[in-house]
Amino acid sequence: MKVMKFGGTSVGSVESILSLKKIVEAEQEQVIVVVSALGGITDKLIATSQLALNGDEAWKDEFDAMQKRHHDMVDAIITDKQKRTTLLATLDDLFEQLRSIYYGVFLIHDLSQKTQATIVSYGERLSSHIVATLINGGVRYNSRNFIKTTPKQGKHVLDAELTNQLVKESFLTANSPLSTRSSRLVPVVPGFISKDRDTGETTNLGRGGSDYTAAIIAAALDADVLEIWTDVDGFMTADPRVIKTAYTINELSYVEAMELCNFGAKVVYPPTIYPVCVKNIPIKVKNTFNPQHPGTLIKQKIENDHRMIKGISSIKGTTLITVTGLSMVGVIGVNRRIFSTLAENGISVFMVSQASSENSTSIGVRDEDANRAVEVLNMEFSKEIVTGAMFPMHAESGLATIAIVGENMKHTPGIAGKLFGTLGRSGISVIACAQGASETNISFVVDARLLRKSLNVLHDSFFLSEYKVLNLFICGIGTVGGNLIEQINSQYKQLKETRQLKLKVVGIASSKKAIFNRDGIDLRTYKELMANAEPSNVQRLKEEIISMNIFNSVFVDCTASADVAAIYQDFLDHNISVVTANKIAASGPYDAYHKLKKTALQRGIKFLFETNVGAGLPIIGTINDLLNSGDKILRIEAVLSGTLNFIFNTISAEVPFSETVRLAKEKGYAEPDPRIDLCGKDVIRKLVILTREAGYKVEQDDVEKHLFMPDSFFEGSLDDFWKNLPQLDADFEARRKVLESEHKRWRFVAKMEKQDDDMGFKTTVSLETVDQHHPFYGLEGSNNIVLLTTERYKEYPMLIQGYGAGASVTAAGVFANIMSIANI
């Protein structure tokens, strides 16, 4: 035998109630059906009573709307004319009773607790008549005949002993449906409502009372299973409205389910679990709208369960009240006074955190109880507050409480460490925390504005999500940015399948427009989306990214903008990693560069700029690896300009210097204004970056510059530059012939050399000649090359060589930096 409870959404529409009929009639074993009021009716009953209490004639319209809704439901689902007529007559009798009660409230402007309990009982009384008529073999039972309560501290609580006795008498007598299984009669019971054992007054079991009714009946009759039919597939690993990757938990223990329910998982009502838990009766949570789904099974012990964390739950609207004072230290009874005072005033505490010094206790209450809690506690400790032995209560609102739940956390080291480490790396501060000795629940309080981010990062970190997610904001959609987006799009499927990694681009910006989508942007159509995007600027870009507050975020800069580089610090301060191909930040003022690096280190995030030097070549990463392993960089020699290397490789008797510059621009190696490359500034920036990464403090002005063109060529307009450039051809050709006869070549070389003293070093950039035996001699095209002389690689320096320019290789280098963050 099983007990099946159907909630308000399961009886709230024609579609759902017909699904209920199909589900129940498909059962082969004996069932008892418990139903809630039609979805939203209980709230409507309460709201209408308040209108009547306030003397508002609108109560009549609300009443008529409720009656019409029930009539419309009956007309849509009961096809037998006689049954429909009989049912409508029964419902109308109940509505007439209800109308009289409302009218009385309206006339005398009084609404007692007794009257309110009677009013709300009509929701289940009405729905149970409808369901009993709809189901083949349905027989309606009046739950007030066997669910009995007794008053206690101003509330009605279940009289368990009497109720169990009456349930057995009602369902296990000779004439009951359960004793004549062949008849296929189906008892239908209104949930929620009850009766005072002494006065006979109508009472109720409170919030979630229909679940409680079903559990009470299942326990009393030793049912094989209790099924809770609702509008979700079962318990989820987290709130699916917040976490898109949340999925149904197949099995939970009673303890795990209770913990999740207590912390906001509104699948079942917590007291539901207690009656069936005592009897070891499993609970199955199923979806009326998707009955084929297996749902969640809740039972005593889960076999072969190796997952540490089962679910993450949360409570919004938390206020943390701190009771503090030196007089609390070592004094017995302070906590008793705190909790007794709150209990006497009907205030529930769902979390407690106390310092080991005993000088403060923090308690979590709901926002609506906060002011009252502060008031009564200040009254309770008024004498101590006056003398200064204790301080007035401090309440902090705008918070949220999160709980991670799982019985396998018990005696498993490292769970709490991983939890707080994950939150810390995401820039989320824990305000208070608590863990019981049972180790099945770790609860903590955070700023409510960080709730979504907290849930997402924890869900991902504890492998509740099928995939690890990295959220990317890409700034710049030119050659590098465009190539990067294409590479991410082409690799998306493979990374998802082979690495369980989802690279989700949630923002794309150009210099004038930007698009943002928390759920991810379709990279196949991003150009069309950008064409219709809203205007944007750097300030809006910064504000939008920070306000989105997305976990595991990475800002990717594919521009050369100083304004964009200036907002890196803001992102790092908000725990957003930065990957950049833009050299300005890493080569700018040393103090700003150092602060960026230090912030990233302190916050456990990344500031990566491998492509600042050598495009996709692993130069910076190699230097970092050498230093981290205890080596020391003594000398750096490098050809770092693909543009200049192309120019000096291309110059010949047939191709004069001025033409090589023009070819470099046409092929995309040089900037639109090639003077930026020819003045050596780009190489200086790269040398500064390498020198800093090698452990030396240097500014751009510290670099000695030995350029190969007169300063006058860098003045005036770009047109003047192109007009005057051929004037240098004859001199370059004369010098080139001499080099050719000596079997030498030009290379624009950047150097850092450590001097004899510990801190001294020298940095230079200059046009040098190299012979056939030098490693730089055979450098082709626009390639880059770096020689690293270290304490370990002194006799034979380490050589790194390859493509040092080009949009695709630079984009690939940026992509590699992104992947290094994903691998953390």
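Source: prediction; values computed, not measured.

Novice: Whenever I open this one, the overall build of the protein confuses me. Can you help?
Specialist: Check the secondary structure of the protein and you find 29 helices and 31 strands. In terms of overall size, the protein is more extended than a compact globule, its C-alpha atoms giving a radius of gyration of 37 Å where 824 residues would be expected to give roughly 28 Å. Dimensions along the principal axes, computed over C-alpha positions, put the protein at roughly 120 × 70 × 55 Å. Here the protein, with 824 residues, has 51% of them falling under the buried criterion. A separation of at least 24 residues holds for 71% of the contacts in the protein among residues at least 6 apart in sequence. A total accessible area of about 36900 Å² is found for the protein, and carbon and sulfur atoms account for 49% of it. With 90 positive and 97 negative side-chain charges, the protein shows a spacing of 3 Å between the two charge centroids.

Novice: Honestly, helix α1 (residues 14-25) in this entry has me stumped. Any pointers?
Specialist: Helical geometry: 3.6 residues make up each α-helical turn, so side chains three or four residues apart lie on a common side. Between its first and last C-alpha atoms α1 spans 17 Å; for 12 residues at 1.5 Å apiece the expected length is 16 Å, and the two agree. Residues of α1 that are buried: S16, I17, S19, L20, K21, I23 and V24.

Novice: Looking at this model, I keep getting lost on unusual backbone geometry. Mind explaining?
Specialist: In terms of backbone geometry, most residues other than glycine have negative phi values and most peptide bonds are trans. Unlike most non-glycine residues, N280 shows phi in positive territory, near 55 degrees. Assignment of secondary structure puts N280 in the loop between α9 (273-278) and β11 (283-287). In the Ramachandran plot, N575 falls in the positive-phi region, its phi being about 60 degrees despite a non-glycine side chain. Here N575 lies in the loop between α19 (568-573) and β24 (577-580).

Novice: Whenever I open this one, the pairing of strand β23 (residues 553-557) confuses me. Can you help?
Specialist: Successive side chains on a regular strand alternate, one facing one side of the sheet and the next facing the other. Buried residues dominate β23, accounting for 5 of its 5 residues. Residues S553, F555 and D557 point to one face of β23 and V554 and V556 to the other, with burial holding for every one of them. One ladder, built from 5 bridges, connects strand β19 (residues 468-475) with β23; its direction is parallel. Note on β23: the bridge partner recorded for N471 is S553. Bridge count between β23 and β24: 4 bridges; the pairing is parallel. Among the inter-strand pairings, F555 is bridged to a residue of β24, identified as V578.

Novice: Sorry, what's going on with the sheet that holds strand β5 (residues 155-158) here?
Specialist: As a general point, the strands of a sheet are linked pairwise by backbone hydrogen bonds and lie either parallel or antiparallel. The sheet built from 4 strands is open, its strands ordered β5-β4-β7-β8 with mixed pairing. With partners counted over all chains shown, the strands left at the sheet margins are β5 and β8 (202-204), one partner each. Strand-to-strand, the axes of this sheet are offset by a mean angle of 55 degrees, without reference to chain direction. Across 3 bridges, the pairing between strand β7 (residues 193-196) and β8 is antiparallel.

Novice: Explanation requested: the packing of aromatic side chains in the structure shown.
Specialist: Under the defined criterion, the tally for this structure stands at 24 aromatic pairs. Ring centres of W59 and F63 lie 6.4 Å apart, and the angle between their planes is 70 degrees; this geometry places the pair in the edge-to-face category. Here F63 and W59 lie together in helix α3 (residues 58-77), a separation of 4 residues that amounts to about one turn. With respect to burial, W59 and F63 carry one shared label: buried.

Quick notes on the rules
Within each chain, residues carry numbers counting from 1 in the order of the written sequence. Given that the model is predicted, a residue must reach a pLDDT of at least 70 before its local features are reported, and side-chain atom pairs must reach 80 or more before they are shown or counted; all residues, however, enter totals for whole chains, interfaces and linings. Here the side-chain values reflect all heavy atoms present in the structure, with hydrogen atoms and water set aside. Only runs of H or I of at least four residues qualify as helices and only runs of E of at least two qualify as strands under DSSP, and these elements are numbered from the N terminus. We take the radius of gyration over the C-alpha atoms and set the globule estimate at 2.2 Å times the residue count to the 0.38 power. Burial classes: relative accessible area under 20% of the type maximum marks a residue as buried, over 50% as exposed, and values in between as partly exposed (1.4 Å probe, protein chains only). Contact criterion: two residues are considered in contact whenever any of their non-hydrogen atoms come within 4.5 Å of each other. All accessibility values rest on the Shrake-Rupley procedure with a 1.4 Å probe; residue burial counts only the protein chains present in the view. Here the positive residues are Lys and Arg and the negative ones are Asp and Glu; neither His nor the chain ends is included. All charge positions are set by atom: Lys at NZ, Arg at CZ, Asp at CG, Glu at CD. How far a helix is expected to stretch is found by multiplying one less than its residue total by 1.5 Å. Any two strands between which DSSP finds at least two bridges are classified as paired. A fitted line through C-alpha atoms serves as each axis, taken over the contacting stretch for helices, and the angle formed by two N-to-C directions is quoted from 0 to 180°. Here is the rule: rings of Phe, Tyr and Trp (six-membered ring for Trp) pair when centre to centre is within 6.5 Å. Planes less than 30 degrees apart are stacked, more than 60 are edge-to-face, and the remainder are tilted.

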